[in-house]
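Observations on the model geometry
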Amino acid sequence: MSKAAMSPTSTSMNTRQITMMGIGGAIGAGLFIGSGQAVSVAGPAVIVAFALAGFLVILIMNMLGEMAAANPSSGSFSVYAAKAMGPNAGAIIGWLYWIQGVIVIAAEATGAAAIIGGWLPGVSQGTWSLLFVVLLTAVNLANVARFGQFEYWFSFLKVAAIVAFLGIGVAIIFGLVPGVEATGLSNLVAHDGFLPNGVVGLCAGLLMVIFAFGGIEIVAIAAAESDDPRTSIRKAVRGVLVRVLVFYVGSALVMVSVLPWYSPELAASPFVAVLTFAHIPWIDSIMALVVVIALLSAMNANIYAASRMLLSLSERKIAPRVIQVRNRNNTPYIAVAASVILCSVAVVMNYVAPDLVMPMLLNAVGSTLLVTWGFIALSQLILRVRADRDPSIHLPVRMPLFPYLSILALVMLAGIVVLALFDPASRTQLIATSCLTVAIGVLNALAQRRARRLAGSDPEDTNSASADASRTSDRVS
């Protein structure tokens, strides 16, 4: 691993920025819009679905925090997977995360452009998409401290919107909004009970809300470029977990308390539905603007995370060496450029064939989150067992109740995969992601074999690059 990746610079991010990035990374359109669909299938029990998903996120983030505090790295879980399960495992999850990031960036640019295009129809959506890509690329090419400031305020606006929503929702429930009758908590049980669609509905809702938490893992990637990585990780993980859980579970509680769970308005746009009930003017436009901010914030964070993962792959000789080139701001501009160029290609292709390209790409990475979390859980379990057997290894942060909670996380992930197999749309995504994962593993193995053959290396030295990264990790631990 290069010294540049490991050593903080004078332009590094601080803990406050990293914590807000983690919160913002997990607050996107999935909460503002997608949660309505979960309410429509789970009913008031969507609160339990969010709580279960949040509990799993707490477990995953504690596991990731333990590894990241011991070995801060911009490659994060890809580096830990290589250390725990071998170089090919690290390459698989690294490339998979990068591909997923590039596709999601394109999807977020397209979504934001669709909203803005509705306000300003004189400019095509394709133009807006590429404009967003160019602007946020410029942000990512600045030094990392400037990027941190920009993303901090992006995330702050999203957090402020949710805090306002929670405040208004509580006021409605207790009758504190003038001219609006108190709803109380009767809607939680008044319409066919708390579980109107039974356990099946709860499982379907869980399957929908679990993906809304994606993006929180950026904390571990960003912390490697902070002024004090170990302290930043410890504080950021703790701060992110509490706030995100309150925001998600609190928002779900407000939604199903204010309006009956079967309301079509709630399914279409839950935040707008609740705030319309409070007679807030211009709420459609206000929430549309919030969603645009959420999409652009997530897009900005994904450009950062994708470029840093690609940089880490290059430093471990899994991606071309040219990726490591930096500008005078110490920003890996080739890694940023490679990520956004491929994203721009996806955007252009989407406008050429909108009904084919983006759905196919999103299907391919639809279950990437489950694969990423699975690799994190397995890596932590393996590395913690090794660390407990070696008294020379110090862990600044330790996963509580090990190994029971680590095993529970793996069981929960396995359960979600089983649920996905019974849902047609989720099953398609799971199969597509599995095929992509296997393809990456095969192609990486072939590429590494070819590189060894061209270099004339001995088969015993097959994993020299990844072994270097592992030895560096061992020294840090």
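See the structure above.
Everything in this summary refers to the structure shown in the same document. (Residues numbered from 1 in each chain as written. Predicted model: local features only at pLDDT ≥ 70, side-chain atom pairs only at ≥ 80, totals over all residues. Heavy atoms only, no water.)

**Structural notes on the layout of surface pockets**
- Empty space within the largest pocket amounts to approximately 1500 Å³.
- Counting residues per element, the ones that place at least two in the lining of the largest pocket are helix 3 (29-42), helix 6 (87-119), helix 9 (198-209), helix 14 (283-315), helix 16 (357-365), helix 17 (368-389) and helix 19 (424-455).
- A per-class count over the lining of the largest pocket returns 31 nonpolar, 14 polar and three charged. (1 Å grid on protein atoms, 1.4 Å probe; cavity = no way out; pocket = protein on both sides within 12 Å on 5 of 7 lines; lining within 4 Å. Points joined across faces, edges and corners; volume = space filled by probe spheres on them. Helix = DSSP H or I, 4+ residues; strand = E, 2+ residues; numbered from the N terminus. Nonpolar A, V, L, I, M, F, W, Y, C, P; charged D, E, K, R; others polar.)

**Looking at the packing of helix 6 against helix 19**
- Between helix 6 and helix 19, the shortest axis-to-axis distance is 9 Å and the interhelical angle comes to 125°. Comparing their axes, helix 19 and helix 6 come out oblique. Read as a crossing pair, helix 6 and helix 19 show a hand that is right-handed. Residue-level inspection shows N88, A91, I92, W95, L96 and I99 of helix 6 in contact with helix 19, the latter providing L436, T437, I440, G441, N444 and A445.
- Within the contact of helix 6 with helix 19, the residues separate by chemical class into eight nonpolar, four polar and no charged. (Axes fitted to C-alpha atoms, helices over the stretch in contact; angles between N-to-C directions. Parallel < 35°, antiparallel > 145°, perpendicular 65-115°, else oblique. Left-handed = near helix turned anticlockwise from the far one by under 90°. Contact = heavy atoms within 4.5 Å.)

**With respect to the packing of aromatic side chains**
- Applying the stated rule across the entire model yields 13 aromatic pairs.
- A centroid spacing of 5.8 Å and a plane angle of 80° characterise the contact between W95 and W98, whose relative ring orientation is edge-to-face. Of this pair, W95 and W98 both sit in helix 6, separated by three residues, roughly a single helical turn.
- We classify W95 as buried; its relative accessible area is 19%.
- Measuring from ring centre to ring centre gives 5.4 Å for W153 and F156, while their planes differ by 70°; the resulting arrangement is edge-to-face. Placement of both W153 and F156 in helix 8 (residues 144-173) is noted, with a separation of three residues, approximately one turn of the helix.
- Following the ring pairs from residue to residue traces out a cluster consisting of F50, F213 and Y248. (Phe/Tyr/Trp six-rings, centres within 6.5 Å; stacked < 30°, edge-to-face > 60°. Buried < 20%, exposed > 50% of the residue type's maximum accessible area, 1.4 Å probe, protein only.)

**A short note on a nonpolar patch on the surface**
- On the surface, a nonpolar cluster with roughly 470 Å² of combined accessible area is contributed by V48, L52, V189, F194, L195 and V199.
- By the element assignment, F194 lies in the loop between helix 8 and helix 9. (Patch = residues over 30% accessible without salt bridge, like charges linked within 9 Å, V, L, I, M, F, W, Y side chains within 5 Å. Areas by Shrake-Rupley, 256 points an atom, 1.4 Å probe, with all protein chains shown as cover. Salt bridge = Lys/Arg side-chain N within 4 Å of Asp/Glu carboxyl O.)

**Section: helix 14**
- Here helix 14 is 33 residues long and its end C-alpha atoms lie 48 Å apart, about the 48 Å a rise of 1.5 Å per residue gives.
- Counting buried positions along helix 14 gives 29 out of 33 residues, so the element sits mostly inside the fold.
- Looking one or two places after helix 14, you find K317, whose phi comes out positive at around 65°. (Expected span 1.5 Å × (residues − 1).)

**Describing unusual backbone geometry**
- Put simply, F402 and P403 share a cis peptide bond, and its omega is 5°.
- Considering the arrangement of structural elements, one finds P403 in the loop between helix 17 and helix 18 (404-421).
- With phi around 60°, W282 is a residue other than glycine that occupies positive phi space.
- Position of W282 among the secondary structure elements: in the loop between helix 13 (270-277) and helix 14.
- Notably, L401 is not glycine yet its phi reads approximately 50°, a positive angle.

**Here we look at the environment of L166**
- Secondary-structure assignment places L166 in helix 8.
- Ignoring any residue separated from it by four or fewer positions in sequence, one finds L166 in contact with F247, G250, S251 and V254.

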